[in-house]
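# An overview of the molecular structure
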Amino acid sequence: MKEQKNIIIDCDTGIDDSLALMLSIISEDINLLGVSVVAGNTTVENAYYNTKRVFKLLKENDIELFSGSSKPLVKDLIIADETHADDGFGNISKEFDEEYGHIKKDFIKSEENISKKLVKYFRDKIDNNKNVILVTIGPMTNLALALKEDPNCFENVHRIVSMGGCFRVHGNTSPVAEFNYWVDPEAANYVYHNSPVKVEMVGLDVTRKIVLTEDKVEIIKKKNNKLGRFIEKITNFYMDFHLEYENIVGCVINDPLAIAHIIDDSILSGFDSFTEVSETSITRGQSVVDSQNFYKKKPNSIIFTEVDSDRFFNLFYDRIEKYGKKGGELNE
Ligand code: BDR
Ligand code: CA
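A few points on the structure.

Conventions adopted
For every chain, the first residue of the written sequence is number 1, and numbering continues from 1 onward in sequence order. Following the order in which they are written, the chains are lettered starting with A and the ligands numbered starting with 1. The predicted origin of the model limits local features to residues at a pLDDT of at least 70 and limits the giving and counting of side-chain atom pairs to 80 or more, whereas totals for whole chains, interfaces and linings rest on all residues. Side-chain metrics in this entry use all non-hydrogen atoms of the structure; hydrogen atoms and water are not considered. Any N, O or S atom lying within 2.8 Å of the metal counts as a donor, and for Na, K and Ca the limit rises to 3.2 Å; water is left out, so some sites can look incomplete. Counting from the N terminus, the helices are the DSSP runs of H or I reaching at least four residues and the strands are the DSSP runs of E reaching at least two. Three exposure classes are used, based on accessible area relative to the maximum for each residue type with a 1.4 Å probe and protein chains only: buried under 20%, partly exposed in between, and exposed over 50%. Orientation is described by axes fitted as lines to C-alpha atoms, over the contacting stretch for helices, and by angles from 0 to 180 degrees between their N-to-C directions. The hand of a helix crossing depends on one turn: near helix anticlockwise from the far one by less than a right angle means left-handed, and clockwise means right-handed. Residue contacts are defined here by distance: any two heavy atoms, one from each residue, within 4.5 Å place the two residues in contact. In this classification, Asp, Glu, Lys and Arg are treated as charged, Ala, Val, Leu, Ile, Met, Phe, Trp, Tyr, Cys and Pro as nonpolar, and every other residue, Gly included, as polar. Side-chain rings of Phe, Tyr and Trp, where Trp is taken by its six-membered ring, are said to pair if the distance between their centres is within 6.5 Å; with planes under 30 degrees apart they count as stacked, over 60 as edge-to-face, and otherwise as tilted. Only one rule defines a salt bridge in this text: a Lys or Arg side-chain nitrogen within 4 Å of an Asp or Glu carboxyl oxygen. One heavy atom suffices: a residue is near a molecule or strand as soon as one of its heavy atoms comes within 4 Å of it. The term polar contact refers here to a pair of N or O atoms within 3.5 Å; inside protein, the definition further demands a hydrogen-donor-capable atom paired with an acceptor-capable atom, and it admits residues adjacent in sequence only when both atoms are side-chain atoms.

What follows covers the coordination of the calcium ion (ligand 2). Within the protein, the calcium ion (ligand 2) binds to D12 (OD), D17 (OD), D17 (OD), I137 (O) and D255 (OD); these donor distances fall in the range 2.2 to 2.7 Å. Written as a sequence motif, the donor arrangement for the calcium ion (ligand 2) is D-x4-D-x119-I-x117-D. Of this pair, I137 sits in the loop between β4 (133–136) and α6 (141–149) while D255 sits in helix α12 (residues 255–263), placing them 118 residues apart in sequence. For the residue pair I137 and D255, the accessibility class agrees, reading buried in each case.

The following block contains the structure:
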């Protein structure tokens, strides 16, 4: 077996975050060192409990879960309940808890000294493991808080992969902005400017091509009924949203693409560039990519523009099927 990739996930556990967490936990290619949650799709408390639900589904008890910031750096928090539902879990949390058992309600809001706690959390993992990849699939508030507190916090990080932003395509939250960068643009901009490694931007240019349809859910159910049923239930609300707001039959599952890119780097391709995130007015959250090198600045990002979506889905199916065979949970 190839060496496992050490990763940390920072997320705002909503629907597609749950699928990203699932993919990393079930993939033998990945060693998930920790999960930190942040407010975004839903409150940080919901994100915390939703993450615990995914752990419960997969009988995962060992991964550290850190509850991070409950609000963006500067802006007021605006959650995406129309996309991910009130519970951030496609409105299935009650049903889920009845089926899989109630989760322990042990959420503690980490307001006091949060930046210091975040630095400790990140450093513990990055400094004590080889080639750690930090994957951020929510607003980048936690990363920015840690970097502001300790500018060298990520000095040993191997890569930073960010689901967020858009280059040549329209936004999903404003005409020009993608949700994660729109929610906390100051944080995203800070990370782009201060990251010691190029931020790998897995933006809407590529994630919009990852559309999970009912047919695909059927395929997944045949490969692993337990995970298939979970995916079917959790994406139901999300599919309705896509039909109503985007005229898409199916749903765009952005976050798992960032994980798949770590497992198989031939899924995405793009180019190096200097990128900034706008903090104000109607361009709030826009990722401005200097693709023509107009400003003659050193590239601080890799912008992905091409995606092999078949390759993504084959990987997704494969890991789900293998997990079913391994755990004997094929048809639970
Ligand atoms: C991103 O925003 C959230 O709604 C999703 O979880 C994803 O991380 C897509 O714009
Ligand atoms: Ca997310």
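The rest of the description comes next.
Take unusual backbone geometry next. A positive phi angle is found at K59, which is not glycine, with a value near 50°. The topology assignment puts K59 in the loop between α2 (44–57) and β3 (64–67). A positive phi angle, close to 50°, is found at N247, a residue other than glycine. Topologically, N247 is positioned in the loop between α11 (225–246) and β8 (251–252). Under the relative-accessibility criterion, N247 is labelled exposed at 68%.

Close contact between helix α1 (residues 15–26) and α2 brings their axes to 10 Å; oriented N to C, the two are set at 35°. Here α1 runs over α2; the crossing is right-handed. On α2, the residues touching S18, L21, M22 and I25 of α1 are T51, V54 and F55. When grouped by side-chain class, the residues that make up the contact of α1 with α2 number five nonpolar, two polar and no charged.

Tallied over the full model, the rule gives 17 aromatic pairs. Seen from their ring centres, Y48 and F107 are 5.4 Å apart, and the 65° between their planes marks the pair as edge-to-face. Taken together, the residues span a long stretch of sequence, with Y48 in helix α2 and F107 in the loop between α4 (93–100) and α5 (114–126) at a distance of 59 residues. Per residue, the accessibility class of Y48 equals that of F107, and both read buried. For the pair Y121 and F122, a centre-to-centre distance of 5.2 Å together with 65° between the ring planes defines the contact as edge-to-face.

With that settled, the discussion passes to the pattern of salt bridges. Following the criterion strictly, the structure yields 23 salt bridges and no others. Salt-bridge contacts for K125 lead to E64; the nearest nitrogen and oxygen are separated by 2.8 Å. In this pair, K125 is assigned in helix α5 and E64 in strand β3, connecting sequence segments 61 residues apart. E64 gets classed as partly exposed once you look at its relative accessible area, which sits at 36%. Between D318 and K322 there is a salt bridge, with its nearest N and O atoms 3.0 Å apart. Of the two residues, D318 and K322 both sit in helix α13 (residues 309–327), four residues apart, roughly one turn of that helix. Through salt bridges with shared partners, a single network forms among D29, D318, R319 and K322.

To continue, consider the site of ligand 1. Residues in close proximity to ligand 1 include D16, D17, N41, H84, I137, M163, N172, E178, F179, N180, N254 and D255, which together make up its full environment. Side-chain polar atom of H84 to an oxygen atom of ligand 1: 3.0 Å apart, as the coordinates give it. Measuring from an oxygen atom of ligand 1, one finds a side-chain N or O atom of N172 at 2.8 Å. Looking at the shell around ligand 1, the elements with two or more residues in it are α1 and α7 (179–183). Taken together, the residues that form the shell around ligand 1 break down as three nonpolar, five polar and four charged.

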